[in-house]
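Given next are the chains, with one letter for each unit.
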Amino acid sequence: MTTDFRQQLLQGLPKQLPPKRKPSENVSHAPKRKDILSDDEKKLAVRNALRYFPEKWHRELASDFASELNEFGRIYMYRFMPDYEMYARPIDAYPAKSRHAAAIMLMIQNNLDPRVAQHPEELITYGGNGSVFQNWAQYLLTMQYLATLTDKQTLHVYSGHPMGLFPSSKQAPRVVVTNGMMVPNYSKPDDWERYNALGVTQYGQMTAGSYMYIGPQGIVHGTTITLMNAFRKTLKRGERAAGKIFLSAGLGGMSGAQPKAGNITGCISVCAEVNADAARKRHNQGWVDLLTGSYEELVAIIRKAQQNDEVVSIAYIGNVVELWERFYEDSIFVHVGSDQTSLHNPFAGGYYPIGLNYGEANEMMRKDPTLFKTKVQKSLRRHAAAINRHATRGTYFFDYGNAFLLECARAGAKVMAKNGSDFRYPSYVQDILGPMCFDFGFGPFRWVCTSGSPGDLAITDEIAIRVLKEIKATAPEEIHQQMEDNIKWIKEAGQNNLVVGSQARILYSDAEGRIKLAAAFNKAVATGEISAPVVIGRDHHDVSGTDSPYRETSNIYDGSSFTADMAVQNVIGDSFRGATWVSVHNGGGVGWGEVINGGFGMLLDGSKSAEKQLQSMLFYDVNNGIARRSWARNPNARFAIEREMKRSPNLKVTMPNIVDDQIVDGLF
Ligand SMILES: NC(=O)c1ccc[n+]([C@@H]2O[C@H](COP(=O)([O-])OP(=O)(O)OC[C@H]3O[C@@H](n4cnc5c(N)ncnc54)[C@H](O)[C@@H]3O)[C@@H](O)[C@H]2O)c1
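Positions within a chain are numbered from 1, following the residues in the order the chain's sequence is written. Side-chain atom pairs in this predicted model are given and counted only at pLDDT of 80 or more, local residue features only at pLDDT of at least 70, and totals for whole chains, interfaces and linings cover all residues. The basis for the side-chain values is all heavy atoms of the structure; hydrogens and waters are excluded.

K.L.:
Quick question: what am I supposed to make of the overall build of the protein here?
P.N.:
Counting from the N terminus, the helices are DSSP H or I runs at least four residues long and the strands are E runs at least two residues long. A tally of regular secondary structure across the protein gives 23 helices and 17 strands. Relative to the globule expectation of 26 Å for 668 residues, the C-alpha radius of gyration of the protein, 24 Å, shows essentially globular dimensions. Each principal axis of the C-alpha distribution contributes one length, and for the protein these read about 70 × 60 × 60 Å. Here the protein, with 668 residues, has 61% of them falling under the buried criterion. Residue contacts are defined here by distance: any two heavy atoms, one from each residue, within 4.5 Å place the two residues in contact. For the protein, the proportion of contacts with a sequence separation of at least 24, taken over those separated by at least 6, is 71%. Counting 74 positive and 70 negative side-chain charges, the protein places the centres of these two groups 2 Å from one another. Throughout, radius of gyration means the C-alpha value; the globule benchmark is 2.2 Å times the number of residues raised to the power 0.38. Summary of the burial criterion: residues with accessible area below 20% of their type's maximum are buried, those above 50% are exposed, and those between are partly exposed, where the area comes from a 1.4 Å probe applied to protein chains only. Charge assignment: positive for Lys and Arg, negative for Asp and Glu; neither His nor the chain ends contribute. A charge is said to be at NZ when it belongs to Lys, at CZ for Arg, at CG for Asp and at CD for Glu.

K.L.:
Is there a simple way to think about the sheet that holds strand S10 (residues 336-337) in this case?
P.N.:
Remark on secondary structure: sheet strands pair via backbone hydrogen bonds, oriented parallel or antiparallel. When DSSP finds two or more bridges between a pair of strands, those strands are recorded as paired. On the basis of which strands lie adjacent, the open sheet formed by 6 strands has the order S8-S9-S7-S6-S10-S11 and parallel pairing. Edge positions in the open sheet fall to strand S8 (290-292) and strand S11 (396-397), since each of these has one partner strand only. As paired elements, S10 and S11 share 2 bridges and run parallel to each other. Looking at S11, one finds that Gly337 is bridged to Phe397. Angles shown run from 0 to 180 degrees and are taken between the N-to-C directions of axes, each axis being a line fitted to C-alpha atoms and, for helices, limited to the stretch in contact. Sheet contacts for helix H8 (residues 258-265): strand S6 (245-249), strand S7 (268-273) and strand S9 (312-317); angle to S7, the most-contacted strand, approximately 175°. Relative to S6, helix H11 (residues 320-329) is tilted by about 145°, and along the sheet it contacts S6, S7, S9, S10 and S11.

K.L.:
Looking at this structure, how should I read the side chain of Asp461?
P.N.:
Along the chain, Asp461 falls in helix H17 (residues 454-474). When residues no more than four places from it in sequence are discounted, the contact partners of Asp461 are Trp447, Ile490, Gly494 and Arg505.

K.L.:
Help me understand the side chain of Asn486 in this model?
P.N.:
Positionally, Asn486 belongs in helix H18 (residues 480-493). If near-sequence neighbours (up to four positions away) are discounted, Asn486 is found in contact with His221, Ile225, Phe442, Leu468, Leu507 and Tyr508.

K.L.:
Explain the packing of helix H4 (residues 99-112) against helix H5 (residues 136-148) here, please?
P.N.:
Packed helix pairs are specified by the crossing angle of their axes together with the interaxial distance, meaning the distance between the axes. With their axes 9 Å apart at the nearest point, H4 and H5 run at an angle of 155° to one another. Between H4 and H5, the angle is such that the two are roughly antiparallel. Considering the relative orientation of H4 and H5, their crossing is left-handed. In this structure, H4 uses Ala101, Ile104, Met105, Ile108, Gln109 and Leu112 to contact H5, whose residues at the interface are Trp136, Tyr139, Thr142, Met143, Leu146 and Ala147. Each residue gets one label: Ala, Val, Leu, Ile, Met, Phe, Trp, Tyr, Cys and Pro are nonpolar, Asp, Glu, Lys and Arg are charged, and the others, such as Gly, are polar. Split by residue class, the contact of H4 with H5 holds 10 nonpolar, 2 polar and no charged. Orientation is classified from the angle alone, with under 35 degrees giving roughly parallel, over 145 giving roughly antiparallel, 65 to 115 giving roughly perpendicular, and any other angle giving oblique. It is the rotation of the near helix from the far one that decides the hand of a crossing: anticlockwise by less than a right angle makes it left-handed, clockwise makes it right-handed.

K.L.:
Mind showing me how you'd approach the site of the ligand here?
P.N.:
The environment of the ligand is formed by 30 residues, the closest being Ser255, Glu273, His344, Tyr428 and Gly589. Within the backbone of Tyr352, one N or O atom sits 2.8 Å away from a nitrogen atom of the ligand. Polar contact is the term for a pair of N or O atoms within 3.5 Å; when the atoms are in protein, one must be able to donate a hydrogen and the other to accept it, and sequence-neighboring residues count only if both atoms are side-chain atoms. Here a nitrogen atom of the ligand and a backbone polar atom of Tyr400 are 3.0 Å apart. Starting from 850 Å² of accessible surface for the ligand in isolation, the protein chains cover 98%. Grouping the constituent residues of the shell around the ligand by class yields 10 nonpolar, 18 polar and 2 charged. Note on definitions. A residue lies near a molecule or strand when any single heavy atom of the residue is within 4 Å of it. Note on areas: these come from Shrake-Rupley sampling with a 1.4 Å probe, and a residue is covered only by the protein chains present in the view.

Written out as structure tokens, the structure reads:
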């Protein structure tokens, strides 16, 4: 492949068969997947993969793909990896007939940038298995389609596979993405293994398969809000977080945000990470202050920091279970504890059990998955038992939405409350994010400056500070704390060096905030204050984007947390109100079959139509979820939607009547 970047994108699949290629040695790779297919199914997987290529290549590719399937459990088509550098280029570098399509190409390349992506050569952005595409042929074809797509066509992408360009209209989304949508009975973890190995579905996580990942920054803000409020729950009046310990695990795609959030919160954060490469990557990127593989050194650092009330973040290369156990024996008090191992994917590389080193665990999960599962479950029982001992001393432990408590319970660990149906520890949504943020409409709004210029990002930060201050001046008392936290966040965002990859920013905002921010950015693009269009979007983990009974909707108590109408309505509703692209996924965050989640991206190009679309779409995108939360009788959501109805005469939401407990208590 000698042609230049633009030509290569336009070309799609190469004209000449590229030579066979092994995965590179200098990047992190996805764990080898379970050998789950029968011989007949393996033939089907190879037949499926060959659909992308001309017949004359089939013989050679068939044996190549068969060996990838045998060796890695998947067909990634390594030989089709492009040889240009993978990163988000400025929007004008992309060959495109539609600026909207060019913006999507930029976002896709960011998700695959080796500085950003967890396993870039397996097209995995984060979370161990959060894929952008299943294989490199899908990537090449999608980029080719986007390079030729007009503003009267829509590209429909099925779990990474570009089904094709269909005629639509200017107002329609340019891309519609579905990931892992299964007929409901076929949504068990092994169904993902089987159908992903066959090449017919993928796990898109949240922002991986929806092209909206902005590096660990995306999660830093949410983690900071959660951690600050977790400390607020435990500290006495006037006490500060300085010198107090936050203990957790994981320095991967999203968990890598924990030390940064710890620093912003102002505590001592200790994050254990079994994968030395992942820990070093976060350390080299400046996301964690200190790195050690020695328990003794770790304790010495902690003791010194405690004496001096220092704020410091420490990465410990090792298993977190060891830390929970040894900290208890050594009487090291943990103020706040959590966990961010990838327990949404417990038996295929998301959780590393104590007693096996990293290499041994990777080997066993493929060669003897049954034994590996036993080891994981045993480790989870030990893990939870150690946390329980700390809790008796007063540690505040919360589940951070990685299915930790769910998998502990499934493993038989003692994590259930006395009533036998609830967990003994809260999820962060039940205690913190649900009532304090989602019910009011605050969620992870984000934007990307498509010029790639840090100067543009700095201007958007300034605009955001101004907009938030204006809103705060008339905001009701109920949301003052949120507004203050957000203003502090955005003021410090530039100094905190949060950018990895595209020039992006996250800022928790409610409907009013998102609309006013987006309108101000659109205007700044129109006047030339910002040099190129801005993409707006959000994490699926939001007010309306996600139905997930143990996470985003865990503070919904009317029984509807097991339904997924809200997330599906949201994607459909956004799609005809002006989103540039929409996505709906199975499994993001907590695992395949456990959640339905969706999102959008929108290009603000400074036009009048962008102004109209942002108003209509963002209004629905947030208020849909508030209406549902209000119908579930959540008091803060009732407050928020009533306030919105007063402001917006066209909004009419069905409100719940609240029944007196005495009337129902004696009925059955
Ligand atoms: N609620 C939220 O907003 C939120 C935010 C971030 C992450 N999460 C969840 O947290 C999990 C982690 O996300 P991620 O993107 O960082 O995943 P990841 O797979 O990139 O990182 C997890 C890391 O944990 C490490 N690990 C696994 N077992 C370990 C053990 N026993 N001891 C020490 N380290 C261990 C792995 O090596 C890996 O690097 C996911 O389940 C995700 O859904 C939730």
